[in-house]
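Take a look at the letters that make up each chain.
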Amino acid sequence: MVHLSCLVPVYNEHETLEELCRQIQAALKDQTINGQPIVYEIIMVDDGSRDGSWDIIQSLTANHPVRGIRFRRNFGKAAALLAAFRTAKGNVYVTLDADLQDDPNEIPKMLNKMGEGFDVVNGWKKDRRDPWHKVYPSWVFNGMIGKLSGLKLHDHNCGLKMFRREVAQEIRMYGELHRFIPIMAHGRGFKVTEIPVYHRPREFGVSKYGFNRFLKGFLDLLTVTFLTDYGRRPQHFLGGWGFFFFVLGGLGMVFLGLEWFLMNVMGFMKPVPIGSRPLLIYSIACLLLGGQGITLGFLAEMMVSFNIEDKDVYSVVERTTPESTL
Ligand code: UDP
Ligand code: MG
């Protein structure tokens, strides 16, 4: 049976919460998956709202399967979703923005897609109803993410995402990494896909993200790709580049040394002082940079080896004998 947890981060969205609950109810009421009705709960995380959203969440618990969590202050969408992960009881989670831009009628379609054997179904706002200054940078961003992470999706930042409980348990989410749930899941071997979803313009409240999200998003992208590829073997990255620069600097020095030898000892050429050569400065810089890369790599490896847990190293899909009985 599908036990669905709808996870809703809420930051000053008092106008839409009640309608959102009504729409989720209507969307799931008569739906069945494999002949079974969908049992659902709604987890609303009030991320430090100051507009009375919390009072509404409290009142919604009377008529809807709503559970609320209230943050002491604004911690961001990723933190809100993480708190929801820790509270949700379902075996499938779906995240929805609170602003009614995401259409709950897409949930049954996403559930069917999961039924085809996927672990993550990401929404794709194919016909996107946002201002151009959000749409165009987002194209570039999605293209870049696809290149760097190897997971090509049209809309990584879509608020509507569905995934199995195991995915939420395994990924580490903090900062603003909520955009990268599909990438982190992909990095651990989960099957990820996307379906086009209907998107509505924002009619109530205001967007919480401005243009600077793209800069932050890009930096986060570097972090996520580094962590998924090299998070458990940082020396391969830092040491790799470090070694490259060290060798480059070393070659520069050897070249200068040879030249000095030929000029001053063998007298093949007219002697020129080596101290003023740009190559000397570049070579020293490369040697220092390389040495630093390698030592930083060792430090990073030490941190990993002291902190790593088994679950960080691999991800199990199934076992012949349940672990609890071993
Ligand atoms: N949100 C949140 N904490 C924040 C910022 C946003 O919980 O610090 C919620 C917000 O209430 C909404 C969702 O995250 O439910 C997406 O935010 P928004 O609609 O402003 O983003 P956009 O659709 O403009 O990308
Ligand atoms: Mg929105």
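Anything mentioned here points back to the structure above.
Please read all numbers here as calculations on a predicted model, not as lab measurements. (Residues numbered from 1 in each chain as written. Chains lettered and ligands numbered in written order. Predicted model: local features only at pLDDT ≥ 70, side-chain atom pairs only at ≥ 80, totals over all residues. Heavy atoms only, no water.)

## Considerations on the environment of Cys 6
Then, number 1: Of note, Cys 6 is situated in strand 1 (residues 3-10).
Then, number 2: Considering only alpha carbons, one finds Cys 6 and Gly 267, 261 residues apart in sequence, at a separation of 81 Å.
Then, number 3: In contact with Cys 6, not counting residues within four places along its chain, are Ile 24, Glu 41, Ile 42, Ile 43, Val 94, Leu 96 and Ile 107. (Helix = DSSP H or I, 4+ residues; strand = E, 2+ residues; numbered from the N terminus. Contact = heavy atoms within 4.5 Å.)

## With respect to the packing of aromatic side chains
Then, number 1: Considering all chains together, one arrives at twelve aromatic pairs under this definition.
Then, number 2: With a centroid separation of 5.6 Å and 75° between ring planes, the pair formed by Phe 85 and Phe 163 is classed as edge-to-face. Residue Phe 85 is located in helix 3 (residues 77-87), and its partner Phe 163 is located in strand 8 (residues 161-164); the two are separated by 78 residues in the primary sequence. Comparing Phe 85 with Phe 163 shows no difference in burial state: the two are buried.
Then, number 3: The interplanar angle of 70° and the centroid separation of 6.2 Å between the aromatic rings of Tyr 93 and Phe 163 together place this pair among those described as edge-to-face. Pair noted here: Tyr 93 is in strand 6 (residues 92-95) and Phe 163 is in strand 8, with a separation of 70 residues, a long-range link.
Then, number 4: In this structure an aromatic cluster arises from ring pairing among Phe 85, Tyr 93 and Phe 163.
Then, number 5: Stacked on the ring of Phe 75, the Lys or Arg Arg 73 has its end atom at 4.1 Å from the ring centre.
Then, number 6: One cation-aromatic arrangement involves Arg 213 over Phe 214; the distance from NZ or CZ to the ring centre is 5.7 Å. (Phe/Tyr/Trp six-rings, centres within 6.5 Å; stacked < 30°, edge-to-face > 60°. Buried < 20%, exposed > 50% of the residue type's maximum accessible area, 1.4 Å probe, protein only. Lys NZ or Arg CZ within 6 Å of the ring centre and 35° of its normal.)

## Structural notes on the site of ligand 1
Then, number 1: Taken together, 18 residues lie near ligand 1, and Asp 47, Asp 99, Lys 134, Ser 207 and Lys 208 sit nearest.
Then, number 2: Side-chain polar atom of Ser 207 to an oxygen atom of ligand 1: 2.6 Å apart, as the coordinates give it.
Then, number 3: Burial of ligand 1 by the protein chains amounts to 94% of its free accessible area of 530 Å².
Then, number 4: Class assignment of the residues belonging to the shell around ligand 1 gives a composition of five nonpolar, four polar and nine charged. (Near = heavy atom within 4 Å. Polar contact = N/O pair within 3.5 Å; in protein donor to acceptor, adjacent residues only side chain to side chain. Areas by Shrake-Rupley, 256 points an atom, 1.4 Å probe, with all protein chains shown as cover. Nonpolar A, V, L, I, M, F, W, Y, C, P; charged D, E, K, R; others polar.)

## Examining the sheet that holds strand 9 (residues 192-197)
Then, number 1: Strand order in the open sheet formed by seven strands is 5-4-1-6-8-7-9, with mixed pairing between adjacent strands. The two strands at the open ends of the sheet, each matched to only one other strand, are strand 5 (66-70) and strand 9. Taken over all neighbouring pairs, the strand axes of this sheet differ in orientation by 20° on average, direction set aside.
Then, number 2: Here strand 6 pairs with strand 8 via four bridges, running antiparallel. The residue bridging Val 92 from the neighbouring strand is Arg 164, located in strand 8.
Then, number 3: Helix 2 (residues 53-60) contacts strand 1, strand 4 (39-46) and strand 5 of the sheet and is inclined by roughly 150° relative to strand 5.
Then, number 4: Each of strand 1, strand 4, strand 5, strand 6 and strand 8 touches helix 3; the most contacted strand, strand 1, lies at about 150° to it. (Pairing = 2+ DSSP bridges. Axes fitted to C-alpha atoms, helices over the stretch in contact; angles between N-to-C directions.)

## Focus on the pairing of strand 4
Then, number 1: For strand 4, the tally of buried residues reaches seven of eight residues, placing the bulk of the element in the interior.
Then, number 2: Here eight bridges tie strand 1 to strand 4, and the two strands are oriented parallel to one another. Looking across to strand 4, one finds that Pro 9 is bridged to Val 45.
Then, number 3: In this structure, strand 4 lies alongside strand 5, joined through five bridges in parallel fashion. Bridged to Met 44 within strand 5 is Gly 68.
Then, number 4: With respect to chirality, the unit in which strand 4 leads through helix 2 into the neighbouring parallel strand 5 is right-handed. (Right-handed = clockwise from strand over helix to strand, strands pointing away.)

## Focus: the nonpolar core
Then, number 1: Grouped together as the largest cluster of nonpolar side chains are 35 residues, with contacts concentrated most on Leu 4, Ile 42, Met 44, Ile 107, Leu 111 and Met 162.
Then, number 2: The leading source of residues in this core is helix 1 (residues 17-28), at five residues.
Then, number 3: Other than its neighbours up to four places away in sequence, Ile 42 contacts Cys 6, Val 8, Cys 21, Ile 24, Pro 65, Val 66 and Arg 67. (Core = buried A, V, L, I, M, F, W, Y, C linked by side-chain atoms within 4.5 Å.)

## Observations regarding helix 4 (residues 107-115)
Then, number 1: Among all positions in helix 4, only Ile 107, Pro 108, Met 110, Leu 111 and Met 114 are buried. Buried residues along helix 4 cover an arc of 160° about the axis, so they all sit on one side.
Then, number 2: Remark: Gly 117 follows helix 4 within two positions and exhibits a positive phi of approximately 110°. (Arc of directions from axis to C-beta.)

## A look at the pattern of salt bridges
Then, number 1: Applying the stated rule across the entire model yields 18 salt bridges.
Then, number 2: Notably, a salt bridge pairs Glu 18 with Arg 22, separated by 3.8 Å at the nearest N-O pair. A residue pair is termed a helical-turn pair when its members lie 3 or 4 positions apart in one helix, as Glu 18 and Arg 22 do in helix 1 at four residues.
Then, number 3: Among the salt bridges present, the one from Asp 130 reaches Arg 128, with a minimum N-O distance of 3.0 Å. Take Asp 130 and Arg 128: they sit in the same class, and that class is buried.
Then, number 4: One network of salt bridges, with partners in common, ties together Glu 13, Asp 99, Arg 202 and Lys 208. (Salt bridge = Lys/Arg side-chain N within 4 Å of Asp/Glu carboxyl O.)

These values are about where atoms sit, not about what they do.
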